[in-house]
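Spelled out from the first residue to the last, the chains are:
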Amino acid sequence: MNKTYKLAIVGATGLVGRTALKVLEEKNLPISEYVFFASSNSAGKEIIFQNKKYVVRELNEHSFDEGFDFAIFSAGSDTAKKYAPIASSHGCIVIDNSSAFRMDKNVPLVVPEVNPEEIKNNKGIIANPNCSTIQAVVPLKALDNKYGIKRIVYS
């Protein structure tokens, strides 16, 4: 039997969270259970995902007590700084979309098409760069591989 995973989406009702859900619907990932979290303002709302109705839960200090394999955080830096370490302390690997951990030398900054090997260096939290950086580094990586880039001035 193949392993399946339990996934939390933090910030599920926001623009980035909803976009993550659209991408997840397109993939055939081995996820056995999805749980959606948001602020108290959005708690109780319903989300239809993969033809199933989910009730959004309020994110709090005990949200990760039940155990998750992974969590996608799309709820801003303050939320990530407070709750990502809590999730990680429960054995959950956090993928954070905010700027909270991007400059943290202990958190790998990963673009899968560029440096996927860095994922294994995580200590429970993985950061990703902002959207404009991701768009730039993917083709720059290909150019660097072929020609060897010495310097980039990006304005």
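Let me sum up the structure you'll find in this document. (Residues numbered from 1 in each chain as written. Predicted model: local features only at pLDDT ≥ 70, side-chain atom pairs only at ≥ 80, totals over all residues. Heavy atoms only, no water.)

### Some points on the sheet that holds strand β8 (residues 125–127)
Part 1 of the argument: What the six strands build is an open sheet, ordered β5-β2-β1-β6-β7-β8; its pairing is parallel. At either end of the open sheet lies a strand with only one pairing partner, and these are β5 (57–58) and β8.
Part 2 of the argument: Bridge count between strand β6 (residues 70–73) and strand β7 (residues 93–96): four bridges; the pairing is parallel. Note on β7: the bridge partner recorded for I72 is I95.
Part 3 of the argument: Contacts between helix α1 (residues 15–26) and the sheet are confined to β1 (5–10), β2 (31–38) and β6, with β1 contributing the most and set at about 155° to the helix. (Pairing = 2+ DSSP bridges. Helix = DSSP H or I, 4+ residues; strand = E, 2+ residues; numbered from the N terminus. Contact = heavy atoms within 4.5 Å. Axes fitted to C-alpha atoms, helices over the stretch in contact; angles between N-to-C directions.)

### Description of the side chain of S63
Part 1 of the argument: Its location among the elements puts S63 in the loop between β5 and β6.
Part 2 of the argument: Owing to a relative accessible area of 6%, S63 belongs among the buried residues under this scheme.
Part 3 of the argument: Here N60 takes part through its backbone nitrogen, which lies 2.8 Å from a polar atom of the side chain of S63.
Part 4 of the argument: Contact partners of S63, with chain neighbours within four places excluded, come to F37, E58 and F68. (Buried < 20%, exposed > 50% of the residue type's maximum accessible area, 1.4 Å probe, protein only. Polar contact = N/O pair within 3.5 Å; in protein donor to acceptor, adjacent residues only side chain to side chain.)

### Observations regarding α1
Note: α-helices contain 3.6 residues per turn, so residues at a spacing of three or four share the same orientation.
Part 1 of the argument: When the terminal C-alpha atoms of α1 are compared, their 17 Å separation across twelve residues agrees well with the 16 Å that a helix rising 1.5 Å per residue should span.
Part 2 of the argument: For α1, every residue scored as buried is listed here: G17, A20, L21 and L24. Each buried residue of α1 lies within a common arc of 100° when the element is viewed along its axis, so the set occupies one face. Facing away from the buried surface of α1 by more than 90 degrees, the exposed residues are L15, K22 and E26.
Part 3 of the argument: Contact partners of the buried residues in α1: β1, β2, β3 (46–49) and β6. (Expected span 1.5 Å × (residues − 1). Arc of directions from axis to C-beta.)

### A short note on the packing of aromatic side chains
Part 1 of the argument: Evaluated as defined, the whole model comprises ten aromatic pairs.
Part 2 of the argument: Centre to centre, the rings of F36 and F49 are 5.6 Å apart; their planes meet at 85°, and the pair counts as edge-to-face. One end of the pair, F36, is in strand β2; the other, F49, is in strand β3, and 13 residues separate them in sequence.
Part 3 of the argument: Both rings, one in F37 and one in F64, keep their centres 5.7 Å apart while their planes meet at 40°; by these two values the pair is tilted. Of this pair, F37 sits in strand β2 while F64 sits in the loop between β5 and β6, placing them 27 residues apart in sequence.
Part 4 of the argument: Classification of F37 by relative accessible area gives buried; the value is 2%. (Phe/Tyr/Trp six-rings, centres within 6.5 Å; stacked < 30°, edge-to-face > 60°.)

### Describing the pattern of salt bridges
Part 1 of the argument: In the structure shown here, the tally under the stated rule is six salt bridges.
Part 2 of the argument: D69 is the salt-bridge partner of K3, the closest N and O atoms lying 3.9 Å from each other. Of this pair, K3 sits in the segment before β1 while D69 sits in the loop between β5 and β6, and the two are 66 residues apart along the sequence.
Part 3 of the argument: With a shortest N-O distance of 2.7 Å, K6 and E66 are connected by a salt bridge. Note that K6 is positioned in strand β1 and E66 in the loop between β5 and β6, a separation of 60 residues in sequence.
Part 4 of the argument: Take K6: its relative accessible area is 14%, and that puts it in the buried class. (Salt bridge = Lys/Arg side-chain N within 4 Å of Asp/Glu carboxyl O.)

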